[in-house]
Each structure stands twice: as C-alpha cells, then as structure tokens.
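A closer look at the structure
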Amino acid sequence: MSAVYKDDQEDWMTVCLKYLLFVFNFLFWVGGAAVLGVGVWTLVEKSDYLSLLASSTFAVSAYILILAGSLVVVTGFVGCCAVIREHRSCLSTYFFFLLIIFLIELVAGVLAYVYYQRLSEELKQHLNHTMTKNYAQPGKESITLAVDRLQQDFKCCGSNNSHDWMQSVYISYKQADGRVVPDSCCKTITPQCGKRDHPSNIYKVEGGCITKLEQFLADHLLIIGAVGIGVACLQTLKAEVLNPHSRKLFLAESHFCPVAECNFS
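Residues numbered from 1 in each chain as written. Predicted model: local features only at pLDDT ≥ 70, side-chain atom pairs only at ≥ 80, totals over all residues. Heavy atoms only, no water.

Observations concerning the overall build of the protein
For the protein, the count of helices and strands is six helices and zero strands. Sequence-ordered secondary structure for the protein, helices as α and strands as β, is α-α-α-α-α-α. Counting across all 265 residues of the protein, residues that qualify as buried make up 42%. Working note: accessible area of the protein is about 13,900 Å², and carbon and sulfur atoms make up 63% of it. (Helix = DSSP H or I, 4+ residues; strand = E, 2+ residues; numbered from the N terminus. Buried < 20%, exposed > 50% of the residue type's maximum accessible area, 1.4 Å probe, protein only. Areas by Shrake-Rupley, 256 points an atom, 1.4 Å probe, with all protein chains shown as cover.)

Laid out in structure tokens, this is it:
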C-alpha cells in the first residue's frame, strides 16, 4: 500500500514539475514578445529622428532588443516542446539559448545606459550643425523630413531657439524665398508661413528642439535599458529555479526510475 502511495506521490510530483516548467516557459514567451514589441516600438514610432543623431547606438540598442525578443519567442517554443515531448536534447538547447539571450539583453541594457549618459552632449554638439547645414540641401531629403517632423511633433523651432535658423544654409540662400524659419516651425502650416517669426505664428519653446528630443530619447533609452537588464535578471532567476527541477524530471524519465530515487550525480 505504501509503495503504491509512494508511486502516486512521485507521479504527482512529475506532473507538477511539468506544469511548472510549462507555465514558466509560457511566461518567458510572453516576456519575449514584450521585449520584441519594445524594440519595434522604439524604431517605428520616431524612426525619422535617427538620421539626426551622430551615433547609431540608439538604433543598435533597439535592434539588439528585437533580436533578443525574437530569440526568446523561438526559445519559449523550444522549451514548451521540451516539456511536452520530454526531450532532453531540447532542454539542453533551451538552457543554451537562455544564456545567449541573457548576454544579448544585458548588452542592450548596458548600451542604452551608456548612451543615456552622453546623450545631452551629443545633441548639443551635432543637432544644431545637422539642422543648419543639411536642411533642404540636395541629397539630404531624409534629414529635411526628420527636421520638419521633429519641429511639428514637438512644437519647437530651431535646435536651441528659432534664431538658430538665421545661421542656416537654407535661410541664407534664395531657396528660402524670404522665409526666416522653415514652414514646419509654424503653428499652422500654410505656404510661406515661415516669413513671419512672431510668437503668435511660430513655436517659441525654451531650450528649443534639443530639449524636446533629448527628453524623448532619454525616456526611450530608460525603457530599453530597464527592459534589457530587467528581463536578463529575471531569466537568470528563472534558470536558477528551474534548472535543478527540469534536470531532475528529465533524467528521471530517461532512466525510467522514480523522481525521488534516481541518482543524478
């Protein structure tokens, strides 16, 4: 009677371990989808602004998150298959991918944090030059569109203030047609509205577009860093919790012996 009870108890433990692994893998898959979503959102929502940055670190951090999120989705599927089909080889592959994803997400988080520290200085050094020297110039259409969208989205004019445009190549030449600022500085865009720079007509924002863009990028970098490092830490915790149980479960089944009696040394 006691032997039967012991076998039933061990069967119950095996089932519980399987469900525990399956639930954690499902949560892991959901987390991977979230990481992937954050990376895509970071690039898609304001992707035009990337052409205004001197460094590609911001974009690289987002691309790394997308790569990590994609690997998490695939790895979560492998983990679920390992639990359902009880394949030890799948389980080994699963924990190998966990390590790779941990390193990738950690790199993304660290890159985001490092870039966050020097973001303000980079914008001050390069944004004004990019806007005044490249706006509306041949072959610089992407920068022109990015500047127009930046000024309209953030309701700003010029890198520091609207007077920055007086030093620009665009305003200095005939192509400006008498404008003192681009039309995208106007609160209501109409043809040649940039000829009048009165505060009632154009955006006058303290700190200009640099302040607005810096805050936007800083918010995104904090999210990238928090997601990358946070999920990496959670994966480490998950691996520490699940690895002994999953190893015990699958070795027990591979040796056809009860969970409590197998020798796993």
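And the narrative resumes.
Notes on the nonpolar core
It is characteristic of soluble globular proteins that their nonpolar side chains tend to be buried jointly. With 47 residues, the main nonpolar core has Trp165 and Leu213 as its most contacted residues. Of all the secondary structure elements, the ones that give two or more residues to this core are α1 (2-45), α2 (57-85), α3 (88-134), α4 (141-153), α5 (169-172) and α6 (208-254). A per-element tally of this core places α6 first, with nine residues. In this view, Trp165 contacts Met131, Tyr135, Val147, Gln151, Cys157, Gly158, Ile171, Val180, Val181, Pro182 and Cys185; residues no more than four positions away in its chain are not counted. Counting six residues, the second largest nonpolar core, distinct from the first, contains Phe28, Val72, Leu98 and Ile101. (Core = buried A, V, L, I, M, F, W, Y, C linked by side-chain atoms within 4.5 Å. Contact = heavy atoms within 4.5 Å.)

Description of the pattern of salt bridges
Counted according to the given criterion, the structure contains two salt bridges. Where Arg149 meets Asp153, a salt bridge forms, and the shortest distance between an N and an O atom there is 3.0 Å. Note that Arg149 and Asp153 are positioned in helix α4 at a spacing of four residues, about one turn of the helix. Residue class for Arg149 comes out partly exposed when judged on its relative accessible area of 28%. When its relative accessible area of 32% is taken as the criterion, Asp153 is described as partly exposed. For Asp183, the salt bridge is made with Arg179, and the minimal N-O distance between the two is 2.9 Å. Each member of the pair Asp183 and Arg179 is classed as buried. (Salt bridge = Lys/Arg side-chain N within 4 Å of Asp/Glu carboxyl O.)

Re the packing of aromatic side chains
The final tally for this structure, using the stated rule, is three aromatic pairs. Their ring planes at 75 degrees and their centres at 5.1 Å tell us that Tyr135 and Tyr170 sit as a pair that is edge-to-face. Residue Tyr135 is located in the loop between α3 and α4, and its partner Tyr170 is located in helix α5; the two are separated by 35 residues in the primary sequence. There is no split in this pair, since Tyr135 and Tyr170 are both buried. (Phe/Tyr/Trp six-rings, centres within 6.5 Å; stacked < 30°, edge-to-face > 60°.)

A look at the state of the cysteines
Here the structure, examined in full by the defined rule, presents three disulfides. Across the disulfide from Cys156 sits Cys209; the S-S distance is 2.0 Å. Here the disulfide of Cys156 and Cys209 is right-handed, its torsion about the S-S bond being about 100 degrees. A residue pair is termed long-range when its members are at least 10 positions apart, and Cys156 in the loop between α4 and α5 and Cys209 in helix α6 qualify at 53 residues. (Disulfide = S-S within 2.5 Å.)

Thoughts on α4
Taking 1.5 Å as the rise per residue, α4 with 13 residues should run 18 Å; its terminal C-alpha atoms sit 18 Å apart, in good agreement. All buried positions along α4 are accounted for by Ile143, Thr144, Ala146, Val147, Leu150 and Gln151. End-on view of α4: buried residues confined to an arc of 165 degrees, all on one side of the axis. Positioned one or two residues after α4, Lys155 has a phi angle of 55 degrees, which is positive. (Expected span 1.5 Å × (residues − 1). Arc of directions from axis to C-beta.)

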